[in-house]
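One-letter residues, chain by chain:
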Protein chains: 4
Amino acid sequence: MQDLLHTIHLDLRRHHDRGDVATYIPELAGVDPRKFGIAVRTVAGGSFAVGDADETFSVQSISKVFALTMALDKLGDSLWRRVGREPSGSAFNSIVQLEHDHGIPRNPFINAGAVVLADILLDGHPADEAIAEILRFVRFVAADESIAVDTAVAQSEGATGHRNAALANYMKSFGNISHAVDQVLAVYFNQCALALSCRQLAEAGLYLANGGVNPTTGARIVAPDRARRINALMLTCGHYDASGDFAYRVGLPSKSGVGGGILAIVPGHASIAVWSPGLNKYGSSHVGLLALEEMAKRCEWSVF
Amino acid sequence: MQDLLHTIHLDLRRHHDRGDVATYIPELAGVDPRKFGIAVRTVAGGSFAVGDADETFSVQSISKVFALTMALDKLGDSLWRRVGREPSGSAFNSIVQLEHDHGIPRNPFINAGAVVLADILLDGHPADEAIAEILRFVRFVAADESIAVDTAVAQSEGATGHRNAALANYMKSFGNISHAVDQVLAVYFNQCALALSCRQLAEAGLYLANGGVNPTTGARIVAPDRARRINALMLTCGHYDASGDFAYRVGLPSKSGVGGGILAIVPGHASIAVWSPGLNKYGSSHVGLLALEEMAKRCEWSVF
Amino acid sequence: MQDLLHTIHLDLRRHHDRGDVATYIPELAGVDPRKFGIAVRTVAGGSFAVGDADETFSVQSISKVFALTMALDKLGDSLWRRVGREPSGSAFNSIVQLEHDHGIPRNPFINAGAVVLADILLDGHPADEAIAEILRFVRFVAADESIAVDTAVAQSEGATGHRNAALANYMKSFGNISHAVDQVLAVYFNQCALALSCRQLAEAGLYLANGGVNPTTGARIVAPDRARRINALMLTCGHYDASGDFAYRVGLPSKSGVGGGILAIVPGHASIAVWSPGLNKYGSSHVGLLALEEMAKRCEWSVF
Amino acid sequence: MQDLLHTIHLDLRRHHDRGDVATYIPELAGVDPRKFGIAVRTVAGGSFAVGDADETFSVQSISKVFALTMALDKLGDSLWRRVGREPSGSAFNSIVQLEHDHGIPRNPFINAGAVVLADILLDGHPADEAIAEILRFVRFVAADESIAVDTAVAQSEGATGHRNAALANYMKSFGNISHAVDQVLAVYFNQCALALSCRQLAEAGLYLANGGVNPTTGARIVAPDRARRINALMLTCGHYDASGDFAYRVGLPSKSGVGGGILAIVPGHASIAVWSPGLNKYGSSHVGLLALEEMAKRCEWSVF
């Protein structure tokens, strides 16, 4: 496996088309586009890494996987009254769908859906308490107390801030946001600004590959069927309107973020984190996708 | 004319289907649905009124006609780079169209368009100065210094507040709002909360029937071709997605508001203000429309 | 008037941007883009013309005005159960709106609406009888027995044929087309292929400027209020998603066709027909619009 | 396994809410809603069945799985220039998406996508030859020469016929259909009218559970990675706008048809066919879904 990672890393690190680094969050625009790391954690205890796998990056939308885990723990299946679980067929920040569906986001991984998750995680508390709770949870699943929020990124929202404020206000007009919009967005932006390395992220996602239990610590995070269902949502909705393409080409549950990271799950076997900041037109890491495709192919890791 | 108004008022005041008073602005929900007033001001100097024509009501979206007049005065035709002039084919608070058109509202009379007008009227000043300027303008065109903003209504936004905040933030994410969203909305909500009686409103709109000049005071408000063009926009866009129906049935430029008022223009002849708080499903006064239809028919006032 | 026509014709005939001749109907693609004619018929008996005003061209969508007149005569206001009367806010051949509105076209001037008119005009008869009836009607309102259908154009449908077959089949699946699709389209394509000169077209539309009566023959075509209402529809819906712009700039009821013709009505005064084959991006004659704008401005002909 | 099938069959056969039998294809409307069969074929050679598992039914959209297999064989990955592979987020017969995407259907399992597959399978031949080729292919993968098309169903199209004619004509106007529409639809309707029993259908789909090889006959149908990819498409797109829900609840690649059948694949293990004619609001068998959910749960068959 370590050899495979080296080969893939070597092949792709000089890939001339690296995509474009996200510019609408100013703090992310300065990231070096040549960064490239991969980490694999196996259920059996293996740990493999290559390149910039120990450097932290902004996980952005990958954090929605952890927020969803927490929100399902709070509400159970009644969560699905406030957010759907269908692929949206549209971009991550589309507002059109919300109008058709009366303020109910299509799934928890588009921005509007994740804003609803943030509203649920607030749960009557001040925003900083909710943020602290999310941070505790991510440290817990990653078994790493050093994980932190990059507050400079959280405050550097750019155009993204107004678009998400639009989504939140819009859903609030339908009654699907219960807290004040600025509090909800504070939770959302801080959650997205979580900074993890590939190695930390692979560890954090490992419970989804292992029936809900982190095999390193033995801690049960969720029941086995819930882990399966979160994986199902990652497969159908994890890459916005390119989810079908990723399922077709790679065949693994995964979630991307505009920071250039991708978390992929091989149920029963392993979790994989890749990071390369340049994005394709759907907002997922261009080189990261190629790396995952190559790994899945060589290891025959498709769920299908 | 006075006889005609009495007849129509008598016929319609007991009309059993009066529509429903708007409830999403709490302060408007308490208005007596039996209120009903009509005022007509002619270019030739006639002034006619019946029913509750001297009682003030919240003009709401009718104020967009005056805001448009002011914004055209500030920007001239370059206004049309920031807002379109096509009927929208959708509801007054739709956000779908904005996504398709990259943050450019379809016309100045849907909510998103009027929020752009408010941004233009701010023009670098604090919100209270812009509000004061709008108030001065409306007092000027109505030749009545007693006209005021109903601040209780301005503060009573309900669901409407969040929806409009969504529209403003959304357009800001496309760069089509230049001031802070709360300042823009302060202008917008205060402008909508202008309280005029039918008699005042008919006077205020009379310049549009008289080539841009208020015949009472002799003051030129706009050039003749601009008056014509504002009338054109009222005819094609004044009733949201029921504009075509109103043009077909009545054939006059007009603008409705959810306070139950309607301002209609008979180019070259007169301006008409009606008020009856119950609304049809498109958000226009139900009885008010019937009154206008009857008056236009009996007076042969269609522009066609 | 004749002098004015000469001036405008002279100014515009060398206008370097003439738009593009429609190519999706092969038979129209070969028309000389330099053709340019104008004809004006006044209610008072005046008849003026300039340029290629006596050369026939394919009226295409302008024919929908006559089809609407005939369909209203057959069904009266119950026509509006099968087609709306709102501006569509979308292109002439859009199918999206039909899905939202369950097979009811937004207005009779978009293609789907006109296909419903064709279905109504069939009325249980074979297509060739319906076509003959339409031809008789147009000859009658134009007081000219020489008017004919250009059958080469009717048979030269190109991409347009499939798109309109899609619209017709789609509405039939909702039950809003009662005859066989090929019969309905035969009527529609032949109606669109009517060939009139500017002079004939101005005469044919004159009843709409004169309260429903052709002043030349004295024949009453429709009641005065119906003439007004057809004019209202032309103003709000006559140029598809550029109707608002035309109302704003010119302020006259009018209907364009992809053959490059436009019929405009000055209620109470005159009817105008212009022809210049190059189209703007909305499918209306580019130079024709400029000519109408100039005429309306100089004659102060806006209805507003 | 046989015991499990009996238990599930017993539990569900008296389920009082059975959904509604499809009525828009007249020939299907007469099917007895109490019919209920299940068949399971395992890669290891097991064959299990219960209830009406030997009675044939109209497979309808399930046939798209076989058509896709054939079309990929003809065109390989260049197929994806003519049809997408993203979940559509809309109903099976929606035409809206086609307008946005210029005639390219979102995926091969919505109706428009399957009509493109039919056009590909025609490949210059007469419709009856293409139909015969499809029939040969299905007989081959099912290893059963008795399988036939129910021509009464093929001819009984009802509203469905006009809607699909609309889709085909619409795509043809964009150049994405190359043969005559009536020929394409003949192929499509006959393919949908294939009649298989649960037992035959489970056998026919078994190659998708076994890396592309039918284990009974040893025949290789497709390469292993293509089998995986077809499974991926079934998981993300197999149930139209309820695909995400099925992935979440059941976690298996599957394809439903309005005849009340569902084919589900357990990669590496088995294929399952269920049949119960009553449909839920998304057009999938209501009781069939419950049966699959129960089986997947008890056997821990989710791919996740």
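Residues numbered from 1 in each chain as written. Chains lettered and ligands numbered in written order. Predicted model: local features only at pLDDT ≥ 70, side-chain atom pairs only at ≥ 80, totals over all residues. Heavy atoms only, no water.

Caption draft 1: Looking closely at the interface of chain D and chain C. Facing 14 residues of chain D, the contacting portion of chain C comprises 14 residues. Together, the buried faces of chain D and chain C total about 1,400 Å²; carbon and sulfur atoms form 65% of this surface. Here chain D is connected to chain C by zero salt bridges. Linking chain D with chain C are four residue pairs in polar contact (both at pLDDT 80 or more), by the criterion used here. Among the secondary structure elements, those contributing two or more residues to the side of chain D that touches chain C are α4 (96–100) and α8 (159–173) of chain D. At nine residues, the largest contribution of residues to the side of chain D that touches chain C is made by α8(D). A class-by-class count of the residues in the side of chain D that touches chain C yields seven nonpolar, four polar and three charged. (Contact = heavy atoms within 4.5 Å. Buried area = accessible area lost by both parts, 1.4 Å probe. Salt bridge = Lys/Arg side-chain N within 4 Å of Asp/Glu carboxyl O. Polar contact = N/O pair within 3.5 Å; in protein donor to acceptor, adjacent residues only side chain to side chain. Helix = DSSP H or I, 4+ residues; strand = E, 2+ residues; numbered from the N terminus. Nonpolar A, V, L, I, M, F, W, Y, C, P; charged D, E, K, R; others polar.)

Caption draft 2: Structural view of helix α10 (residues 198–209) of chain C. Residues and elements named next belong to chain C. When the terminal C-alpha atoms of α10 are compared, their 16 Å separation across 12 residues agrees well with the 16 Å that a helix rising 1.5 Å per residue should span. Judged by how many residues are buried, α10 sits mostly within the fold: 11 of 12 residues are covered. Burial in α10 covers these residues: Cys198, Gln200, Leu201, Ala202, Glu203, Ala204, Gly205, Leu206, Tyr207, Leu208 and Ala209. A positive phi of about 65° marks Gly211, the residue just after α10. (Expected span 1.5 Å × (residues − 1). Buried < 20%, exposed > 50% of the residue type's maximum accessible area, 1.4 Å probe, protein only.)

Caption draft 3: Molecular detail of unusual backbone geometry. Phi is positive for A:Asp123, close to 50°, though the residue is something other than glycine. Relative to the helices and strands, A:Asp123 resides in the loop between α5 (111–122) and α6 (127–142). Residue class for A:Asp123 comes out partly exposed when judged on its relative accessible area of 44%. You will see that B:Tyr240, though not glycine, has its phi angle at about 55°, which is positive. Among the structural elements, B:Tyr240 can be located in the loop between α11 (224–237) and α12 (243–249).

Caption draft 4: Representation of the relation of the copies chain D and chain A within the structure. Superposing chain D onto chain A takes a rotation of 180° combined with a translation of 0.0 Å along the rotation axis, leaving an RMSD of 0.0 Å. The two molecules are tied by a two-fold rotation axis, judged by turn and shift. Most of the interface of chain D is mirrored in chain A, where 100% of its interface residues again form contacts. (Least-squares fit on C-alpha atoms with pLDDT ≥ 70 in both.)

Caption draft 5: Spotlight on the sheet that holds strand β8 (residues 261–266) of chain D. Residues and elements named next belong to chain D. In space, the five strands of this open sheet follow the order β3-β2-β9-β8-β7, with antiparallel pairing throughout. Of all strands in the sheet, those bounded by a partner on one side alone are β3 (47–51) and β7 (254–256). Neighbour to neighbour, the strand axes of the sheet diverge by 10° on average, direction disregarded. Looking at chain direction, strand β2 (residues 37–42) and β3 are connected through five bridges and run antiparallel. (Pairing = 2+ DSSP bridges. Axes fitted to C-alpha atoms, helices over the stretch in contact; angles between N-to-C directions.)

Caption draft 6: Local environment of the interface of chain D and chain A. Residue-level contacts link 31 residues of chain D with 31 residues of chain A. Taking both partners together, chain D and chain A bury about 2,700 Å²; carbon and sulfur atoms supply 58% of that area. Area buried by chain D at its contact with chain A is led by D:Arg229, D:Tyr248 and D:Phe304, which between them contribute 32% of it. Inspection of the region where chain D meets chain A yields two salt bridges. We note a salt bridge from A:Arg85 to D:Asp245, for which the minimum N-O separation is 2.6 Å. Elements supplying a minimum of two residues to the side of chain D that touches chain A: α11 (224–237) and α12 (243–249) of chain D.

Caption draft 7: Local environment of the environment of A:Asp119. Residues and elements named next belong to chain A. Along the polypeptide, Asp119 turns up in helix α5. In the structure, Asp119 is positioned 25 residues away from Ser94 in sequence and 19 Å away in space, judged by C-alpha atoms. Apart from the residues lying within four places of it in its own chain, the contact partners of Asp119 are Arg82, Asn176, Ile177, Ser178, His179 and Val184. A polar contact of 2.7 Å, which involves the side chain of Asp119, links it to the side chain of His179.

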